[in-house]
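# Structural characterization, general
Listed below are the residues making up each chain.
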Amino acid sequence: MEFSPRMKRNMLTAHAAAVGSMVLLKNVNQTLPLRPAGSEPLPVAVFGTGQVRTVLACPDFSLYRGVSILDGLTASPLVKPDPLLAHKYRAWALSHPTGEYPWRGLSMEELSEENAAAIVVLSRDEDAYDPIVNNDELAMIEAVTRAFPRTVLILNTPGYMEVSQAAALCSAVVYMGIPGQEGGAALSELLTGEAVFLGHLNQSWPRRRADFIQANQVLDIYAGYRYFDTFGTELLYDFGYGLTYGAAELAAVAVAVDGKDLVVSAQVVNTGDTWPVSQVVQVYVSRPAGKLPQPKYTLCGFARTALLEPGRAE
């Protein structure tokens, strides 16, 4: 179909929103970004049917354009998805509306010889949202990580996942969420360093699903992150957590009273040498001395810096 000027503007808006919302949860041994050492694209093996059946919107919403994870990676000049493996997943998805590709028939050793890194995609839609990594998915991740020390786990899910065991196996973890029609293109830019991660978690991620369920049953003043902070639940990732490729430090923090207002100021410094960074400064208040019960901490303000080049501060 031919896109109108308005549709093209909306595509750019959706793309920017997708780039800004994805969260880098783990990145060790310089797994990300995926960049070639020479002039040729970096060969990568992509696993998981979610690369083709990428969840981009709620089930009742029809997109006039949708970029899957595999489509986004294929269009990138910096990476090259393994063509035979990609063909197998595309063919399987065409004839099987649901279900995971029978990955046990793949030779991980041969794939690791042909590819420098692996990407594993776990997908959930809102109608079938189970936050548990099932046994087959975990077995696939174990098999991939045995063959590929450089493995990126992509969580294409509506929210929280109990991923402690899976995340420990992988050298990088990205929470993609359900990012809208441009999701695959935005993810590709982030994985290859054409864009930098800006996102932060909007909910706490406990290690155990039981704690997540219990917290969701608590309303009123202990809803969300307040529950986990107040009652000391063990978390895998905190509310507001999010990594980036660069390095930033919080400096020159000051607190002052202006009439009835409490004014907090801070300086964010990009201390890295290569990557621009943008950070969100979060301010929490604790009120333990009142007569009524209170959460341990309450978020009372936050502000995002501009994109700071190395050596710059705000």
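Scroll up to find the structure.
Overview of the structure. (Residues numbered from 1 in each chain as written. Predicted model: local features only at pLDDT ≥ 70, side-chain atom pairs only at ≥ 80, totals over all residues. Heavy atoms only, no water.)

Okay, the sheet that holds strand 3 (residues 79-81) next. Read from one edge of the open sheet, six strands run 1-6-5-4-2-3, paired in mixed fashion. Among the strands making up the open sheet, the edge pair consists of strand 1 (23-27) and strand 3. Along the sheet, successive strands turn relative to each other by an average axial angle of 25°, direction set aside. The sheet contact formed by strand 5 (residues 151-156) and strand 6 (residues 172-175) spans four bridges and is parallel. Looking at the pairing, Leu 155 lines up with Tyr 175 of strand 6. Running over the sheet, helix 5 (residues 135-147) touches strand 2 (42-47), strand 4 (117-123) and strand 5 and is turned about 170° from strand 4. (Pairing = 2+ DSSP bridges. Helix = DSSP H or I, 4+ residues; strand = E, 2+ residues; numbered from the N terminus. Axes fitted to C-alpha atoms, helices over the stretch in contact; angles between N-to-C directions. Contact = heavy atoms within 4.5 Å.)

A contiguous nonpolar surface patch, about 590 Å² in accessible area, is contributed by Leu 250, Val 253, Val 255, Val 257, Leu 262 and Val 264. Only strand 9 (248-258) and strand 10 (261-270) provide two or more residues apiece to the nonpolar patch. At four residues, strand 9 tops the list of elements feeding residues into the nonpolar patch. Its place among the elements puts Leu 262 in strand 10. Of the residues examined, Leu 262 reaches a relative accessible area of 58% and is grouped as exposed. (Patch = residues over 30% accessible without salt bridge, like charges linked within 9 Å, V, L, I, M, F, W, Y side chains within 5 Å. Areas by Shrake-Rupley, 256 points an atom, 1.4 Å probe, with all protein chains shown as cover. Salt bridge = Lys/Arg side-chain N within 4 Å of Asp/Glu carboxyl O. Buried < 20%, exposed > 50% of the residue type's maximum accessible area, 1.4 Å probe, protein only.)

This next bit is on the side chain of Thr 192. For Thr 192, the position within the fold is in helix 7 (residues 183-192). Look at Thr 192 and you get buried, because its relative accessible area is 0%. A distance of 2.8 Å separates a polar atom in the side chain of Thr 192 from the backbone oxygen of Ser 188. Leaving out residues up to four positions away in the same chain, Thr 192 has contacts with Pro 33, Leu 34, Arg 35, Ser 76, Leu 78 and Val 79. (Polar contact = N/O pair within 3.5 Å; in protein donor to acceptor, adjacent residues only side chain to side chain.)

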